[in-house]
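# Descriptive structure summary
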Amino acid sequence: MRNRTFAMIKPDAVACQYSGPIITCIEKAGFRIIAQKMLRLHISDTNKFYAIHSQRPFFRNLSLFMTSGPVIALVLEKENAVTDFRTLIGNTDPRIASPGSLRKIFGQSKTRNAIHGSDSDENAIKEIHFFFSEREIIPEPYRLPIPETEIDS
Ligand code: IDP
Ligand code: MG
């Protein structure tokens with residue numbers, strides 16, 4: 001079934017100017033970008049977004065990292081978007097992520113792992129709505145309004 005997932009290019013990857021190459025990989029893997037924005041998270045955002053990890057020892061570092069610079073939030077559409085995107089990004093730890101996965105290529109450490117992807121359809125819906133309003137999501141199909149020949153003539 002064609003469905004949606006939420007992705008976020010994290011501050012490490014944005015700072016290293018990896019967002020272009022990462023988005024190229026995402027599109028080459030067959031995902032359509034149906035919403036996109038750059039923003040800087042506030043600590044209140046990370047407290048909510050990563051609430052499930054609030055008692056974990058890495059939570060403070062994760063919050064500091066995720067608020068340290070801009071992120072790029074994306075809504076992606078594809079057949080089996082959630083599962084296929086988790087495969088594309090690879091393991092949480094770039095050291096053990098599969099060769100060719102985004103975290104292997106662009107990640108630096110278990111915290112600075114370049115990209116987030118939703119882990120279930122249910123969480124994808126929650127995460128998409130955390131970042132985007134309905135009118136910021138532009139579903140396919142995208143069509144050019146008039147034939148190019150008419151523009152040229
Ligand atoms: P996921 O992003 O692969 O779903 P989660 O376990 O949901 O991994 O953790 C959320 C984020 O928290 C990770 O992407 C990573 O940035 C950070 N993180 C997770 N586990 C650790 C850890 O053991 N040490 C440091 N950071 C971690
Ligand atoms: Mg997770």
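The rules behind each value
- Residues numbered from 1 in each chain as written.
- Chains lettered and ligands numbered in written order.
- Predicted model: local features only at pLDDT ≥ 70, side-chain atom pairs only at ≥ 80, totals over all residues.
- Heavy atoms only, no water.
- 1 Å grid on protein atoms, 1.4 Å probe; cavity = no way out; pocket = protein on both sides within 12 Å on 5 of 7 lines; lining within 4 Å.
- Points joined across faces, edges and corners; volume = space filled by probe spheres on them.
- Helix = DSSP H or I, 4+ residues; strand = E, 2+ residues; numbered from the N terminus.
- Nonpolar A, V, L, I, M, F, W, Y, C, P; charged D, E, K, R; others polar.
- Phe/Tyr/Trp six-rings, centres within 6.5 Å; stacked < 30°, edge-to-face > 60°.
- Buried < 20%, exposed > 50% of the residue type's maximum accessible area, 1.4 Å probe, protein only.

### What about the layout of surface pockets?
Its volume calculated, the largest pocket comes out at about 730 Å³. Around the largest pocket, the lining is made up of 24 residues, and of these Tyr50, Ile52, His53, Leu62 and His116 lie nearest the centre. Among the elements of the structure, helix H3 (43-49), strand S4 (115-117) and helix H7 (121-131) are those that each provide at least two residues to the lining of the largest pocket. Among the elements that make up the lining of the largest pocket, the one with the highest residue count is H7 (4 residues). The residue makeup of the lining of the largest pocket, split by class, is 7 nonpolar, 8 polar and 9 charged.

### A look at the packing of aromatic side chains
All chains considered together, the criterion is met by 8 aromatic pairs. Ring centres 4.8 Å apart and planes at 15 degrees place the aromatic pair Phe6 and Phe131 in the stacked group. Of this pair, Phe6 sits in strand S1 (residues 2-9) while Phe131 is found in helix H7, placing the two residues 125 residues apart along the sequence. Each member of the pair Phe6 and Phe131 is classed as buried. A ring pair is formed by Phe49 and Phe130, whose centres lie 5.9 Å apart and whose planes are at 45 degrees; its orientation type is tilted.

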